[in-house]
Amino acid sequence: MAQTLPTTEEALTSQVELDDSGLGPGGAGPGESGPGGPGGSGGYLGGVPQRTYLTGLTMGLAAILMFFMAFVSAFIVRKGLSNDWRAFPLPSILYVNTLILLASSFTIQAARRRLARADAAGFRHWWFMTTALGLLFLAGQWTAWRQLAREGVYLATNPSSSFFYVLTAAHGLHLLGGIVALVAIAFWNWKRARITRATAAEMAAVYWHFLDGLWIFLFLLLKLGQ
Amino acid sequence: MSAEAHVVSHAPHAPRGFIRRYIFSTDHKVIGIQYWLLALAAVSVGMVLSWLFRAHLAWPNAAIPGFGGVMKPEQYLALVTMHGTIMIFFVLTVAPQSGFGNYFLPIQIGADDMAFPRLNMLSFWITFVAFLVLVSAFFTSAGAPINGWTSYPPLSAVGSIAGPGQGTGETLWVISIALFCLASLLTALNFISTTIEMRTQGMSLMRMPLTVWGWFVTAVLGLLAFGVLLAACILVLLDRLAATSFFIPAGLVFSDTQPPLTHAGGSPLLWEHLFWFFGHPEVYIAILPAMGITSHVLSSFSRKPVFGYKAMAYSLCAIGFLSFTVWGHHMFVSGMSPYSALAFSFLTLAIGVPSAIKTFNWLGTLWGGRIHFTAAMLFAIGFVSLFVTGGLSGLFLAQPSIDLPLHDTYFVIAHFHIVMGVAAIFGIFAGTYYWFPKMFGRKMNEKLGKAHFWITFAGAYLIFMPMHWMGIMGALRRYADPGGLPFLERMAPIDLFITIAAFITGAAQLLFYFNFFWSLRHGEKAGENPWHATTLEWTIPSPPPHGNFVEIPRVYRGPYEYGLPGYKEDFLPQHLTPEQVAKMAT
Amino acid sequence: MRSEEGQRGSTAAAVVLSLMLLILVATTVYLFAARVYPMPPAITRVGHWIDRQYDLTLWVTGVIFVLAQVGLAWMVFRYRDRGQKVHFTRGSHVLELVWTTATFILFTTLGAMAVHAWAQVHFVSPAPGALQVDVMAEQFTWNFRYPGPDGKFAPTSPKDYSDSNGNPFGIDTSSKDQDDIVSPYLELPVGQEVELRLESKDVIHDFYVRELRIKQDIVPGMIIPIHFTPLQIGTYDILCAQLCGMGHNRMHSTLRVVSEADFQKWLKQQEAENQQ
């Protein structure tokens with residue numbers, strides 16, 4: 001821990017400085033922004049080192065990955081064991097949704113670049129853009145569900161449709177959580193928070209990319225695995 | 001102790017007001033005690049349930065109070081199911097990991113709290129709700145589920161048609177376990193982040209107490225295992241409520257008068273794989289923290305370092321890793337591929353190796369020591385004895401050919417109760433007697449504690465050893481009564497013996513309850529370090545203040561520096577500077 | 001740190017704990033060695049192999065059990081606090097290496113020796129002439145089906161299941177092969193290999209006969225074959241070993257192993273009953 005700290009400390013300091021350099025309400029108070037202590041100490045910035053949040057997120061992603069892998073292995077086993085599996089054409093709006101989600105990964109990166117350049121307005125612009133794309137994706141998924149329902153493909157119609165609904169719903173719920181986080185980060189009062197806006201934005205972005213990658217994987221599974 | 005090397009803890013003052021301080025608290029110590037009390041409540045319920053079904057087994061034709069006559073088979077199975085679920089999830093997972101881990105992991109690594117205190121509080125309250133949901137199954141019209149804690153489909157997936165309690169009762173069971181999984185994932189995430197990021201200066205991995213290693217590896221297991229059970233719960237819930245067919249095969253017929261179920265193509269084995277992929281790590285989730293506590297206590301009261309500290313840490317990791325590769329040994333007779341059974345068999349025997357390493361090292365820790373027989377120490381030694389006994393019966397069950405006659409018999413009940421049930425409970429007792437002075441500032445009564453140990457230790461063996469022989473003779477688990485089978489009826493004296501042993505052992509737990517609550521007020525004042533121990537929790541007041549440390553300590557040495565030759569004291573606490581230690585040399 | 005505190009040097013605790021461990025060892029060894037509670041005798045060759053492997057494992061674990069518990073008892077007594085100096089050590093690489101290697105070799109050898117019996121049960125196919133019997137498990141009864149005089153099983157369907165009409169297998173009664181014999185118990189000729197095909201109507205059950213040393217889950221949606229050769233005439237309990245609902249413990253039937261002549265007689269009798 002002690003060995004790796006200097007680099008993180010530097011990164012941390014630079015992020016804190018960004019926050020200090022006038023992002024309006026987002027700026028952290030000087031009291032909490034000082035590096036935790038001389039040369040690689042425990043670094044309690046009024047709580048925990050900022051890196052801890054990213055570690056926590058990484059652990060969360062590992063858990064989410066195992067959760068989805070359970071569904072995926074169930075998908076593979078269930079399909080392999082039975083003879084009642086019937087593929088159904090995926091609604092073509094899913095391609096559009098995929099593009100929307102891919103685009104949102106770029107917009108969230110753009111937002112983080114604006115944040116790094118202390119461009120508050122730019123940050124907000126791209127951040128809201130990401131939020132909007134996320135909502136659009138969910139609306140698109142909803143449309144896909146409606147379309148399938150119109151074609152008579154429901155949750156219990158066939159194992160293939162069961163897995164389609166389960167996987168898209170589980171992913172959609174996680175993405176909804178991401179959207180809540182995006183909104184929260186946009187409106188949070190950072191003066192009282194133990195986490196800096198830069199860290200929160202980084203976490204949101206990592207989570208967002210993860211869900212983006214996860215969706216591509218699930219989409220390929222649903223497309224090719226059926 | 002150079003001042004600039006230290007960081008003053010910035011933890012805010014403890015919140016005022018009863019609710020923020022004791023109910024919705026974010027302080028890891030309060031949460032640890034909350035978990036511990038939840039486990040105490042749960043273990044009390046679980047034990048009473050076991051008394052009820054033990055009474056029925058001993059006197060199959062006698063009226064059981066509260067059951068309006070002789071216990072019906074479905075009532076018996078509901079009791080067994082709820083006993084298993086409560087004990088495994090809400091006692092063995094909650095007390096050693098979430099309870100003691102929450103309280104002592106941050107202190108032992110020199111942190112002022114968990115990494116994410118509010119998440120921590122959320123985990124506890126979700127667990128609490130999960131417990132309420134589970135217990136509420138008893139109060140549904142058809143009662144609690146009867147499918148055992150393993151909830152194999154189709155029995156668990158088709159609803160009340162499969163039997164009483166399989167309707168609403170089983171739905172509540174699934175929801176409870178799903179909630180429990182969610183809470184456990186959050187806890188695991190918190191434990192891992194705390195261990196990785198919050199260790200104080202000098203607290204390298206190889207200076208962590210073995211308790212911390214135990215909690216850390218357990219958290220990793222929880223993080224990777226509970227998500228899988230959560231997914232399985234969601235799928236079985238959909239099978240139950242939304243007519244899907246993940247686990248329900250085609251053409252099931254439960255009665256002449258009803259057409260076959262409309263489900264099709266599902267696989268019961270799929271549930272078994274998902275469940276045991278979680279279920280086997282789960283038994284290590286129950287036992288690894290107890291292993292850590294045992295190492296910790298054995299070293300403290302042998303006045304010697306843990307023998308082979310590194311081997312102990314590595315073997316914890318090895319057990320953790322291997323625990324994900326052995327789930328198939330629960331499925332030797334399930335219809336799974338017999339070839340994969342051989343692979344699972346060898347991996348299971350392989351997990352015996354790190355387990356044996358731990359046992360040898362515990363014996364090595366005792367060897368040449370100066371053993372203080374405190375209640376905590378007795379329970380730790382009891383743990384070693386039980387772990388050996390229960391581990392060895394595992395060698396039978398790990399071989400698929402011997403599993404053929406022994407699977408699902410009382411031999412298995414004996415095996416897992418001794419090795420992960422009673423042994424883990426002994427770990428909890430050892431931890432309670434050991435840390436009670438730190439948690440509440442007073443010692444528990446040693447005389448009562450020892451009396452508690454003698455009866456519990458003898459009782460544990462008297463209850464569970466005979467079950468081996470019942471299993472060998474072919475007595476099957478989850479049988480409400482001999483069912484008219486003469487060979488089972490002939491075992492009635494053994495059943496009676498076990499039941500009496502269970503009543504006496506259970507009654508002896510009253511000593512523990514009394515000791516616990518009496519000592520809160522009347523126990524001998526403990527002071528900071530009553531056991532003359534070395535780890536960081538013994539460097540702060542008892543009970544520790546909000547934020548734990550006035551100054552975050554720095555650590556200079558390993559956790560078990562007992563009995564070093566050439567010093568006035570026989571223990572060197574982790575936080576003493578080399579200069580301070582030099583002054584202690586003789 | 002000398003023995004200044006009350007609970008130290010308590011020889012009494014050491015003696016009691018050591019004695020308890022010794023009593024545990026003595027009782028356990030006696031009850032296993034004297035075979036006070038034995039398995040019922042096996043009636044198949046595979047059963048005997050399994051028993052031999054069980055005995056071997058009992059020896060290995062028995063020796064470890066005695067050494068470990070007696071060793072623990074000895075240490076508890078020998079190293080009780082009498083104010084002595086501890087023998088300071090942090091461990092031993094040599095010892096770690098020795099016991100790691102030793103247990104690894106021991107355990108894997110044991111595992112390797114267990115493969116044979118398992119292979120006989122699962123990897124060896126039944127001989128071509130093996131007697132075929134279908135087993136249908138349901139809450140909470142057993143049904144057995146023999147192919148009848150024509151030697152062929154009639155086709156079945158879940159929609160024809162009817163316990164009340166004596167057709168638990170759902171045999172298609174319009175089929176020309178519908179002369180199958182259906183029985184609530186399992187009658188087998190001694191010394192002849194039999195293949196059972198296990199099916200379930202509703203939930204998971206488990207076919208367990210203690211003397212056969214065989215236990216096999218019966219999973220709905222799967223047909224699981226098992227085979228064995230009973231070598232001892234007699235009557236044995238068929239039990240359900242997998243929790244299947246409220247009647248689980250009452251779900252049993254009987255395996256009757258009889259001479260070849262008695263078996264043929266029984267078949268004739270069943271066929272005659274079928275004709276009526």
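Quick caveat, the model's predicted, so the values are computed rather than measured.

Definitions and cut-offs
- Residue numbers here run from 1 along each chain, matching the order of that chain's written sequence.
- Ligands are numbered from 1 and chains lettered from A, in the order in which they are written.
- Local features in a predicted model are, by the rule used here, given only for residues with pLDDT of at least 70; side-chain atom pairs are given and counted only at 80 or more, and totals for whole chains, interfaces and linings are based on all residues.
- Computation of side-chain values covers all heavy atoms of the structure but excludes hydrogens and water.
- Only DSSP runs of H or I with at least four residues qualify as helices, and only runs of E with at least two residues qualify as strands; both kinds are numbered from the N terminus onward.
- We compute the radius of gyration over the C-alpha atoms and compare it with the globule rule, which gives 2.2 Å times the number of residues raised to the power 0.38.
- Think of it in three bands: residues with accessible area under 20% of the maximum for their type are buried, residues over 50% are exposed, and the middle band is partly exposed, with areas taken using a 1.4 Å probe on protein chains only.
- By definition, residues are in contact when any of their heavy atoms lie within 4.5 Å.
- Centre distance within 6.5 Å is the pairing criterion for rings of Phe, Tyr and Trp, where only the six-membered ring of Trp is used; planes under 30 degrees apart are then read as stacked, over 60 as edge-to-face, and the remainder as tilted.
- Charge over a ring is defined by NZ of Lys or CZ of Arg lying within 6 Å of the ring centre and within 35 degrees of the ring normal.
- Each cavity reported here is a set of points on a 1 Å grid over the protein atoms alone in which a 1.4 Å probe fits but cannot get out, each pocket an open set with protein on both sides within 12 Å along at least five of seven lines, and each lining residue one with an atom within 4 Å of a point.
- Grid points are joined across faces, edges and corners, and a volume is the space filled by probe spheres set on the points.
- Charged means Asp, Glu, Lys or Arg here, nonpolar means Ala, Val, Leu, Ile, Met, Phe, Trp, Tyr, Cys or Pro, and polar covers whatever is left, Gly included.
- Defined here as a combined quantity, buried area equals the accessible surface (1.4 Å probe) lost by two parts on assembly, summed across both.
- Every case where a carboxyl oxygen of Asp or Glu lies within 4 Å of a side-chain nitrogen of Lys or Arg is listed as a salt bridge.
- Polar contacts, as used here, are pairs of N or O atoms within 3.5 Å; protein pairs need one atom able to donate a hydrogen and one able to accept it. Residues neighboring in sequence count only if both atoms are side-chain atoms.
- In plain words, nonpolar cores are sets of buried Ala, Val, Leu, Ile, Met, Phe, Trp, Tyr and Cys residues tied together by side-chain atoms within 4.5 Å.
- Should DSSP find at least two bridges between two strands, the strands are taken to pair.
- In this analysis, axes come from line fits to C-alpha atoms, helices being fitted only over the stretch in contact, and the angle between any two N-to-C directions falls in the range 0 to 180 degrees.
- Confidence of the prediction at every residue is given by pLDDT, a number between 0 and 100.

Right, let's get into the overall build of chain C. Helix and strand content of chain C: 4 helices and 10 strands. Each helix and strand of chain C, placed in order from N terminus to C terminus, yields the pattern α-α-α-β-β-β-β-β-β-β-β-β-β-α. By the compact-globule yardstick of 19 Å for 276 residues, chain C is too spread out, its C-alpha radius of gyration being 28 Å. Principal-axis analysis of the C-alpha atoms places the extent of chain C at approximately 90 × 35 × 35 Å. Looking at the 276 residues of chain C, the share that counts as buried comes to 52%. Expressed as a percentage of contacts within chain C between residues at least 6 apart in sequence, the contacts between residues at least 24 apart total 71%.

Glancing now at the packing of aromatic side chains. For the structure on display, the rule yields 89 aromatic pairs over all chains. With centroids separated by 5.3 Å and ring planes inclined at 50°, the aromatic side chains of Phe18(B) and Tyr22(B) adopt a geometry described as tilted. In this pair, Phe18(B) and Tyr22(B) both sit in helix 1 (residues 18–23), 4 residues apart, roughly one turn of the helix. Given the relative accessible area of 44%, Tyr22(B) is considered partly exposed. Taken together, a centroid distance of 5.5 Å and an interplanar angle of 70° make the contact between Phe396(B) and Phe411(B) edge-to-face. With Phe396(B) in helix 10 (residues 375–397) and Phe411(B) in helix 12 (residues 410–440), this pair connects stretches of sequence that are 15 residues apart. Given a relative accessible area of 5%, Phe396(B) falls into the buried group. Above the ring of Tyr161(C), the side-chain terminus of Lys201(C) is found at 4.6 Å from the ring centroid. A cation sits over an aromatic face here: Arg210(C) above Phe487(B), 3.5 Å from the ring centre.

Below, the discussion takes up the layout of surface pockets. The calculated volume of the second largest pocket comes to roughly 1200 Å³. In terms of lining, the second largest pocket is formed by 48 residues, of which the most central are Gly391(B), Gly394(B), Leu395(B), His415(B) and Val419(B). Elements with a minimum of two residues in the lining of the second largest pocket: helix 7 (268–302), helix 9 (338–366), helix 10 and helix 12 of chain B together with helix 2 (45–78) and helix 3 (93–122) of chain C. Here the lining of the second largest pocket gets 9 residues from one element, more than from any other, and that element is helix 9 of chain B. When the residues that make up the lining of the second largest pocket are grouped by side-chain class, the tally is 30 nonpolar, 14 polar and 4 charged.

This brings us to the interface of chain B and chain A. With 40 residues of chain B at the contact, the number on the chain A side is 36 residues. With both sides pooled, the region where chain B packs onto chain A buries about 3100 Å², and carbon together with sulfur makes up 74% of that total. For the pair chain B and chain A, the number of links is 1 salt bridge. Taking the shortest distance from any N to any O, the salt bridge between Arg51(A) and Glu197(B) comes out at 2.6 Å. In this assembly, chain B and chain A are joined by 6 residue pairs in polar contact (both at pLDDT 80 or more). Broken down by secondary-structure element, the contributors of at least two residues to the side of chain B that touches chain A are helix 5 (168–197), helix 6 (210–241) and helix 7 of chain B. Ranked by residues supplied to the side of chain B that touches chain A, first place goes to helix 6 of chain B with 9 residues.

Glancing now at the nonpolar core. The tendency in soluble globular proteins is for nonpolar side chains to be buried side by side. Judged by nonpolar contacts, the single largest core of 351 residues is most densely connected at Trp127(A), Leu17(C), Trp142(C), Leu186(C), Leu196(C) and Phe207(C). Counting residues in hydrophobic clusters, the runner-up holds 6 residues, among them Val253(B), Met136(C), Ala154(C) and Phe169(C).

Residues and elements named next belong to chain C. Within the open sheet, the 5 strands sit side by side as 3-2-1-5-8. Their pairing is mixed. Both edges of this open sheet fall to strand 3 (181–183) and strand 8 (224–228), since each of them pairs with a single strand only. Averaged over all pairs of adjacent strands, the angle between strand axes in this sheet comes to 25°, irrespective of strand direction. Of the strand pairs in this sheet, strand 2 (residues 141–146) and strand 3 are connected by 3 bridges, and their pairing is antiparallel. Residue pairing across strands places Phe144 opposite Ser183, the latter belonging to strand 3. Across the sheet, helix 4 (residues 260–275) touches strand 1 (131–138), strand 2 and strand 3, and the angle it forms with strand 3 is around 105°.

For the rest of this paragraph, the subject is the pairing of strand 9 (residues 234–240) of chain C. Residues and elements named next belong to chain C. Sheet topology places strand 6 (residues 205–209) next to strand 9; 2 bridges connect them, and they run antiparallel. Across the sheet, the residue bridging to Phe207 is Cys240, located in strand 9. Sheet analysis places strand 9 next to strand 10 (residues 252–258), joined by 6 bridges and oriented antiparallel. Residue pairing for strand 10: Leu239 is matched across the bridge by His252.

Here we come to the confidence of the model for chain C. Low pLDDT means the predicted coordinates in that region are not meant to be read closely. All names here are of chain C. Across chain C, the average pLDDT comes to 91, with 96% of residues at 70 or higher. Predicted confidence for residues 1–8 stays below pLDDT 50, and this span has 26 contacts to residues more than four positions away or in other chains. This complex was scored by the predictor with a pTM of 0.93 and an ipTM of 0.95.

Our next topic: the pairing of strand 10 of chain C. In this structure, strand 4 (residues 186–189) of chain C lies alongside strand 10 of chain C, joined through 4 bridges in parallel fashion. Paired with Pro189(C) across the two strands is Val258(C), which belongs to strand 10 of chain C.

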